[in-house]
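Secondary and tertiary structure notes
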Amino acid sequence: RPFHVEPTNIVSENDDMQRVTDEASAMNKRIHYYSRLTSPADRALIAPDHVLPAPDEIYVYSPLGTAFKVDSCTDGYGKNSSLVTIFMIWNTMMGTSILSIPWGIKQAGFTSGIILILLMGILTLYCCYRVVKSRQMIPLTDTSNWEFPDVCKYYFGSFGQWSSLLFSMVSLVGAMVVYWVLMSNFLFNTGKFIYNFVHDINVTDIVPGTNGSNKVICPSAASGHPPQNRSVMFSSGNRTGFELFEEWWDKSQTVPFYLIAVLLPLLNLKSPSFFAKFNVLGSVSVVYLVFMVTVKAAQLGIHVEFNWFTENEFFVPEFRILFPQLTGVLTLAFFIHNCVITLLQNNRNQENNVRDLSIAYFLVGLTYLYVGVIIFASFPSPPLSKECIEQNFLDNFPSDDIMSFVARIFLLFQMMTVYPLLGYLARVQLLRQFFGNAYPSLFHVLILNIAIVGAGVAMARFYPNIGGIIRYSGATCGLAFVFVYPSLIYMISLHRAGQLTWPALIIHIFIILLGLANLIAQFLL
């Protein structure tokens, strides 16, 4: 009998030792991950000493999405459950692209828009699956700390390293430009709402719109560009003060410059990790947008008429030649390929990676589909045309709309906290490549940040079209990270193993051609 007890204790002790070993190994991998992101003197993304035993604290970034901290609901050994993994992927992918999905559906046509969302979701999911598998197909003993750029460097040498850096910078800078345009928009409308409320001014925009309490407007019908401050004052108030306010509070002339005073100093901070504490606002904003869309649809009703190939005054055809504009937006909307390995490597059950990734993509696609279809279908046509749906669907609601005001406040605060994190990642990736240090000097960092901020201000001033910016940057970085690199790496690995077949070759060459056609079409339509 004693011999039956003793082995049990030995097994138990061995299990405990194995768990401790696994935990230490996970912690070392985590430290190694951070050390590759930052210089030894720059600890913005390095876990502080007092939390080093929690190896699950990882920051991942998604263009036009959120900065997400992988740190909750672990099993005590640095691993996440499948539910947490699915939520992290959903939260990382859900970004500002959701604001342009209704416009994209309008550009493609209602029926073709729905089909394209489904097809692009499936295609990008498959390419994301190829990214996850690419590291596993490398015949080396230990690639557990590798990210996708490391895989590109292994297969393509210095070209893969520098090209992945280039396309990564395109996605990051594109995201920061979109953020600046949207922050200018949200700050303008928020300031206008507050000023009118405080001074008891009843202002009606001189743009076409519906009547009643649930007002919807058509800014694009007033001019060929997004509306500025054109409005008419109907009730009491200091007219001189009101005109002065409209002169100094202009969506494109002044507000984009006001943001510089707040955000440029934040970009120069060595450690922006404080702002990662607010990443939960990304989820809150998306949930609120879904709630708002549902309420607005219940108030406005459904307005749909199927015209398969012809266009009339109020409705658009079900299939339109402008559909590549939606595919460009969707390429970035479903983009997570540059950080998916990081998200999945802490999944407790690695054999469930494909399932969890598929569920997350399904939920993301469902969210995009719900918001896009509901906004498009409930847009009041007539009296307004479906062509009035703006690239940012919040622009279809006046600044004095309460629900839109709350949404803009949420999104403005969220973007102002994520923007410094995106700027930090751009700094780390670019300056470390050229100077070997993420913060070589204040002068270097300031020059880089002025260039990035200048690009955002210029776009907010002269081209405040987030749909256009998203589709251009999405098709560009998506060409590399979504279509070309995953397919090429898969074909090369099969060829080296002597397993490459003609069907696999044709399918993946076709995927590459789709990505190239997607990019070219953005400049032709």
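Residues numbered from 1 in each chain as written. Predicted model: local features only at pLDDT ≥ 70, side-chain atom pairs only at ≥ 80, totals over all residues. Heavy atoms only, no water.

In plain terms, the rule: UniProt positions are given in the numbering used here, feature names are shortened, and annotations may be inferred rather than shown by experiment.
Within an unreviewed UniProt entry, the label attached to the chain reads Neutral amino acid transporter 9, and the organism entered is Machaerirhynchus nigripectus. We quote the UniProt Sequence similarities (unreviewed entry) comment for the chain here in full: "Belongs to the amino acid/polyamine transporter 2 family. SLC38A9 subfamily."

1. As for the confidence of the model for the chain
Low pLDDT marks regions whose predicted coordinates should not be analysed in detail. The condition is simple: Per-residue confidence from the predictor is given as pLDDT, running between 0 and 100. Helix and strand definitions here come from DSSP, where helices need a minimum of 4 consecutive H or I residues and strands a minimum of 2 consecutive E residues; each element is numbered from the N-terminal end. Note on contacts: a residue pair is in contact if any heavy atoms of the two residues lie within 4.5 Å.
For the chain, per-residue confidence averages 81 on the pLDDT scale, and 80% of positions sit at 70 or higher. Per-residue pLDDT, averaged within each element of the chain, yields its smallest value for helix α1 (residues 2-37) (43) and its largest for helix α15 (residues 502-524) (96). For residues 1-59, every residue scores under 50 in pLDDT, and the model assigns this stretch 79 contacts once sequence neighbours within four places are set aside. Low pLDDT (under 50) marks residues 225-238, which in the prediction has 41 contacts with non-local residues, meaning those over four places away or in another chain.

2. Quick notes on the state of the cysteines
Defined as follows: Note that a disulfide, as used here, is simply two cysteine sulfur atoms within 2.5 Å. With a 1.4 Å probe rolled over the protein chains alone, any residue whose accessible area is under 20% of its type maximum counts as buried; one over 50% counts as exposed, and the rest are partly exposed.
By the definition in use, this model includes one disulfide. Residue pairing for C218: its cysteine sulfur links by disulfide to C388, the two sulfurs lying 2.0 Å apart. Across the disulfide from C218 to C388, rotation about the S-S bond amounts to roughly -80°, and the bridge is consequently left-handed. On the criterion of sequence distance, the pair formed by C218 in the loop between β3 (203-205) and β4 (231-233) and C388 in the loop between α11 (353-378) and α12 (402-435) is long-range, its members being 170 residues apart. Residue C388 is classed as buried on the basis of its relative accessible area of 8%. We note that C127 lacks a disulfide partner, and the nearest cysteine sulfur, in C128, lies 8.7 Å from it. On the basis of relative accessible area, C127 is assigned to the buried category, the value being 1%. With no disulfide partner, C339 has as its closest neighbouring cysteine sulfur the one in C128, 8.4 Å distant.

3. A look at empty space enclosed by the protein
What counts, and what does not: Both cavities and pockets are sets of points on a 1 Å grid over the protein atoms alone; in a cavity a 1.4 Å probe fits but cannot get out, in a pocket the set is open with protein on both sides within 12 Å along at least five of seven lines, and lining residues sit with an atom within 4 Å of a point. Grid points are joined across faces, edges and corners, and a volume is the space filled by probe spheres set on the points. Throughout, the ten residues Ala, Val, Leu, Ile, Met, Phe, Trp, Tyr, Cys and Pro are labelled nonpolar, Asp, Glu, Lys and Arg are labelled charged, and all others, Gly among them, are labelled polar.
Scanning all chains against the criterion turns up four cavities of 30 Å³ or more. In this structure, the second largest cavity is lined by 14 residues; those nearest its centre are G95, T96, V286, L411 and Q414. At the level of secondary structure, the elements contributing two or more residues to the lining of the second largest cavity comprise α8 (280-300) and α12. Residue contributions to the lining of the second largest cavity peak at four residues, all from α8. When its residues are assigned to classes, the lining of the second largest cavity shows eight nonpolar, six polar and no charged.

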